[in-house]
Amino acid sequence: MTLSIASLADLLKTADIEFSLETNEQSSVNGAGEHHGKRRGEPLRRLKITTAPMPNADALALMAVVDAARSMQEEFLCYDKRLAYPSTDPDGSIFGSSTPVISAITDGYTISMTGFPSSYVLPGGTWLSILDDTSRYYLGQVVGTKTASSGTISSLKLSVPLPDFVDVGGAVTVIKAPAKFRLEQGVPAFLTNVGLVNASLVLSAMQTYDQ
């Protein structure tokens with residue numbers, strides 16, 4: 001089972017967030033001083049969140065949700081709260097109920113899409129999520145600004161390589177664009193006291209492509 005955005009991510013009122021990319025590469029240097037790199041697996045996001053202080057009762061209730069997710073080995077959807085929407089559509093109202101999909105894949109980083117509002121603008125850095133039909137989520141960022149022409153955005157370059165499961169017809173969103181995460185094993189989530197009556201929650205998680 002995967003916890004929806006509303007079930008956990010939206011409850012995390014973030015004071016600090018790390019959303020770093022683990023490239024999963026191995027590098028070496030040969031006798032001639034030349035560097036060689038090899039990708040050992042898909043690049044994945046590491047998430048660390050510290051919430052804003054909240055009343056102890058609210059913090060303990062949230063901690064219970066996190067503990068349940070760990071004990072039941074549940075994944076959860078989460079997005080980068082620093083940029084939940086494209087900067088040109090700060091509340092998502094222009095995107096509205098649009099349902100864009102991938103119409104073509106040029107290479108491992110480049111896609112075309114249909115179904116966007118007319119003249120919709122995706123600034124560089126916008127988060128973009130792709131969902132396949134087995135509940136796997138790709139998450140990358142837009143490289144360079146693109147504008148939809150008659151609802152179509154062509155040759156959009158992404159910051160992270162597309163995994164094999166991404167295919168034509170995959171559903172796309174740029175609104176609270178999520179990845180799927182699993183709480184890190186051996187790294188406890190915990191509450192830290194802020195004065196006598198408030199606390200903050202700290203948790204760490206790794207992106208997963210599990211179905």
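As a reminder, the structure under discussion sits directly above these lines.
Residues numbered from 1 in each chain as written. Predicted model: local features only at pLDDT ≥ 70, side-chain atom pairs only at ≥ 80, totals over all residues. Heavy atoms only, no water.

Caption draft 1: Highlighting the overall build of the chain. In terms of regular secondary structure, the chain is built from one helix and 18 strands. The C-alpha extent of the chain, read off along each of the three principal axes, is 55 × 55 × 30 Å. Counting across all 211 residues of the chain, residues that qualify as buried make up 41%. Within the chain, residue pairs in contact and separated by at least 24 positions form 72% of the contacts whose partners lie at least 6 positions apart. Distance between charge centres in the chain, computed from 16 positive and 21 negative side chains, equals 3 Å. (Helix = DSSP H or I, 4+ residues; strand = E, 2+ residues; numbered from the N terminus. Buried < 20%, exposed > 50% of the residue type's maximum accessible area, 1.4 Å probe, protein only. Contact = heavy atoms within 4.5 Å. Lys, Arg positive; Asp, Glu negative; His and termini not counted. Charge placed at Lys NZ, Arg CZ, Asp CG, Glu CD.)

Caption draft 2: Region of the structure containing the nonpolar core. Core analysis: the biggest nonpolar cluster contains 32 residues, and Leu-47, Val-66, Phe-76, Phe-181, Leu-201 and Leu-203 have the highest contact counts within it. Contributions of two or more residues to this core are made by strand E2 (14-22), strand E5 (44-51), helix H1 (56-71), strand E7 (75-78), strand E12 (137-143), strand E16 (179-183) and strand E18 (198-207). Take this core: its biggest share by element is five residues, from H1. In this structure Phe-76 touches Thr-2, Leu-3, Leu-8, Leu-47, Ala-179, Lys-180, Phe-181, Leu-183, Leu-203 and Ala-205, once residues within four positions along its chain are discounted. One finds Phe-116, Leu-162, Val-166 and Val-174 within the second-largest nonpolar core, a separate group that totals 22 residues. (Core = buried A, V, L, I, M, F, W, Y, C linked by side-chain atoms within 4.5 Å.)

Caption draft 3: Highlighting the pairing of E7. What you see with E7 is no split at all: Glu-75 and Leu-77 on one side and Phe-76 and Cys-78 on the other are buried throughout. As paired elements, strand E1 (residues 2-3) and E7 share two bridges and run parallel to each other. Opposite Thr-2, over in E7, you have Glu-75 as the bridge partner. (Pairing = 2+ DSSP bridges.)

Caption draft 4: Seen up close, the environment of Ala-171. Relative to the helices and strands, Ala-171 is located in strand E15 (residues 171-173). Spatially, the C-alpha atom of Ala-171 lies 6.2 Å from that of Pro-100, the residues being 71 residues apart in sequence. Each residue touching Ala-171, except ones within four places of it in the same chain, is listed here: Pro-100, Val-101, Ser-129, Ile-130 and Leu-131.

Caption draft 5: Quick look at the pairing of strand E9 (residues 110-114). Judged by how many residues are buried, E9 sits mostly within the fold: four of five residues are covered. As judged from the four bridges shared by strand E8 (residues 101-105) and E9, these two strands associate in the antiparallel manner. Looking across to E9, one finds that Ile-105 is bridged to Ile-111. Taking the residues that link successive antiparallel strands as the turn, the E8-E9 hairpin has four residues. Two elements, E9 and strand E14 (residues 153-158), share three bridges in a ladder whose sense is antiparallel. By the bridge assignment, Ile-111 is partnered in E14 with Leu-156.

Caption draft 6: H1, seen in detail. Between its terminal C-alpha atoms H1 stretches 22 Å, which fits the 22 Å expected from 16 residues at 1.5 Å a residue. Within H1, burial applies to Ala-59, Leu-62, Met-63, Val-66 and Ala-69. What you see down the axis of H1 is that its buried residues fit within an arc of 115°, all on one side. For H1, the exposed residues set more than 90 degrees away from the buried face come down to Ala-57, Leu-60 and Ser-71. Of the surrounding elements, those touching the buried residues of H1 are E1, strand E6 (54-55), E16, strand E17 (190-194) and E18. A positive phi of about 55° marks Gln-73, the residue just after H1. (Expected span 1.5 Å × (residues − 1). Arc of directions from axis to C-beta.)

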